[in-house]
Amino acid sequence: MAHIDAGEILPNDHVQQMAAEGRVTQMHRGHQYADEGDTFEIDGTEFEVTDVTHRTLGDMTDEDAQREGSEDLDAYKERMKKVHGSFEWDDDSEVVRHRFAPVDE
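Looking at an unreviewed UniProt entry, the protein carries the name ASCH domain-containing protein, with the source organism given as Haloarcula vallismortis ATCC 29715.

Quick look at the structure:
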C-alpha cells in the first residue's frame, strides 16, 4: 500500500473535484495506476483504492459510466471522444477500473 498523488488515477482538477463531491467513485484508465489499498488525498479527504480490475471497454455498463460522472454509457462514450480527440471506442480495448472511496475516520 502506498500513498499516491490523486492525479495518478484522476486525470484533472475537474474530475478530482467530482470525486471529492462523491459524484465520481471509479475511473477506467488505459493502464493500472494504483493497487488496492493505495490511498490519495483530495481537499483534505483521504480516499482508498478499493478495487482494481482489468477489463475491456465492452465490459462497461451504464452503472460504470454513472460512477464516472456521466449520465449513461452513450454519454460516457461521447465524453471520451471529446476529451481524447481521435479516440475510437473498441469493445476489445483493455482498460483498468480503479474504484475508490473516502476513508472512514
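Every buried residue belonging to helix 1 (residues 13-20) is among Val 15, Gln 16, Met 18 and Ala 19, and all of these are buried. Here the buried residues of helix 1 occupy an arc of 160° about the axis, which is enough to place them on one side. Opposite the packed face of helix 1, turned more than 90 degrees from it, sit the exposed residues Asp 13 and His 14. One side-chain oxygen at the N-terminal end of helix 1 lies 3.1 Å from the backbone nitrogen of His 14; it belongs to Asn 12.

With that settled, the discussion passes to the pattern of salt bridges. One pass over the structure, following the stated rule, counts six salt bridges. The salt bridge involving Arg 55 is made with Asp 64; its shortest N-O contact spans 3.0 Å. Looking at Asp 64, the relative accessible area reads 3%, which means it is buried. A salt bridge links Asp 64 to Arg 99; the nearest nitrogen and oxygen atoms lie 3.8 Å apart. Taken together, the residues Asp 64 in helix 2 (residues 62-67) and Arg 99 in strand 4 (residues 94-102) connect sequence positions 35 residues apart. Shared partners join several salt bridges into a network, and the residues in it are Asp 51, Arg 55, Asp 64, Arg 97 and Arg 99.

Mapped onto the fold, Glu 41 is located in strand 2 (residues 39-42). Placed 25 residues apart in sequence, Glu 41 and Gln 66 show a C-alpha to C-alpha distance of 22 Å. Non-local contacts of Glu 41, meaning those with residues more than four positions away in its chain, are made with His 3, Ala 6 and Glu 46.

Turning our attention to the sheet that holds strand 2. Taken in spatial order, the four strands line up as 1-4-3-2 in an open sheet, and their pairing is antiparallel. Both edges of this open sheet fall to strand 1 (26-29) and strand 2, since each of them pairs with a single strand only. Going from strand to strand, the sheet's axes swing by 35° on average, the running direction of each strand aside. In this sheet, strand 3 (residues 45-56) lies alongside strand 2 in antiparallel orientation, the contact comprising four bridges. Counterpart to Ile 42 in the pairing with strand 3 is Thr 45.

Conventions we followed
- Residues numbered from 1 in each chain as written.
- Predicted model: local features only at pLDDT ≥ 70, side-chain atom pairs only at ≥ 80, totals over all residues.
- Heavy atoms only, no water.
- Buried < 20%, exposed > 50% of the residue type's maximum accessible area, 1.4 Å probe, protein only.
- Helix = DSSP H or I, 4+ residues; strand = E, 2+ residues; numbered from the N terminus.
- Arc of directions from axis to C-beta.
- Polar contact = N/O pair within 3.5 Å; in protein donor to acceptor, adjacent residues only side chain to side chain.
- Salt bridge = Lys/Arg side-chain N within 4 Å of Asp/Glu carboxyl O.
- Contact = heavy atoms within 4.5 Å.
- Pairing = 2+ DSSP bridges.
- Axes fitted to C-alpha atoms, helices over the stretch in contact; angles between N-to-C directions.

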